[in-house]
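Per-entry structural report
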Amino acid sequence: MLQLIYVSTARSGVAIDLKDILARSRRNNMRDGITGLLHAKGRRFLQALEGEPATVEAAYTRIAADPRHFALVVLSRRVVEAREFGDWAMAHDDGKGAIVEQVAALVQNAAPSVRGTFEGFAGMRAA
């Protein structure tokens, strides 16, 4: 199973509709057998995708071609024996300061380096 983690930034002037992004992600990922975590922080996104290598690579290619964001950087591409994120989830900053705890709970089964990446991202101020 492949786990791919990347960051990206929404382009200026692009409206960010997290509910729509989540609905589309859930539909596409369920169809493709992909799980993971999408964390949105201001205009920045951090996402982990897990599944069969061909479907994860196809999903990333589709995401990378989306003109609504830019500066995609793959942080990690590694083979995992089991899904570290379980069911698909999405975290976002609700402005109440609980995001760090929410993300910590979502990444509790991930490798230490993956946990550190998501927890550090959650602790950053929005851009």
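For the structure itself, look to the data block above.
First, a word on what this report is: a plain description of the structure on this page. Owing to the predicted nature of the structure, the values given are computational and were not obtained by experimental measurement.

Turning to the side chain of Glu84, a few remarks are in order. When you line up the elements, Glu84 lands in the loop between strand E4 (69–79) and strand E5 (89–92). Leave out the neighbours within four places in its chain, and Glu84 touches Gln3, Glu50, Arg78, Asn109, Ala110, Ala111 and Val114.

Scanning the model with the defined rule gives two aromatic pairs in all. Here Tyr6 and Tyr60 contribute two aromatic rings whose centre-to-centre distance is 5.3 Å and whose plane-to-plane angle is 65°, an arrangement assigned as edge-to-face. Taken together, the residues Tyr6 in strand E1 (residues 2–10) and Tyr60 in helix H2 (residues 53–64) connect sequence positions 54 residues apart. Look at Tyr60 and you get buried, because its relative accessible area is 11%. Where Phe85 meets Phe118, the ring centres are 5.6 Å apart and the plane angle is 65°; that geometry is what we call edge-to-face. Of this pair, Phe85 sits in the loop between E4 and E5 while Phe118 sits in helix H4 (residues 112–123); the two residues are 33 residues apart in sequence, bridging distant segments of the chain. Taking the relative accessible area as the measure of exposure, Phe118 reaches 0% and is therefore buried.

Further remarks concern the pairing of E1. In summary, the side chains of a regular strand alternate between the two faces of the sheet. Most of E1 sits inside the fold, with eight of its nine residues counted as buried. Pairing geometry for E1 and strand E3 (residues 44–51), over eight bridges, is antiparallel. Bridged to Tyr6 within E3 is Gln47. One ladder, built from eight bridges, connects E1 with E4; its direction is antiparallel. Its bridge partner being in E4, Leu4 is matched across the sheet by Arg77.

Reading guide: rules and limits
- Residues numbered from 1 in each chain as written.
- Predicted model: local features only at pLDDT ≥ 70, side-chain atom pairs only at ≥ 80, totals over all residues.
- Heavy atoms only, no water.
- Helix = DSSP H or I, 4+ residues; strand = E, 2+ residues; numbered from the N terminus.
- Contact = heavy atoms within 4.5 Å.
- Phe/Tyr/Trp six-rings, centres within 6.5 Å; stacked < 30°, edge-to-face > 60°.
- Buried < 20%, exposed > 50% of the residue type's maximum accessible area, 1.4 Å probe, protein only.
- Pairing = 2+ DSSP bridges.

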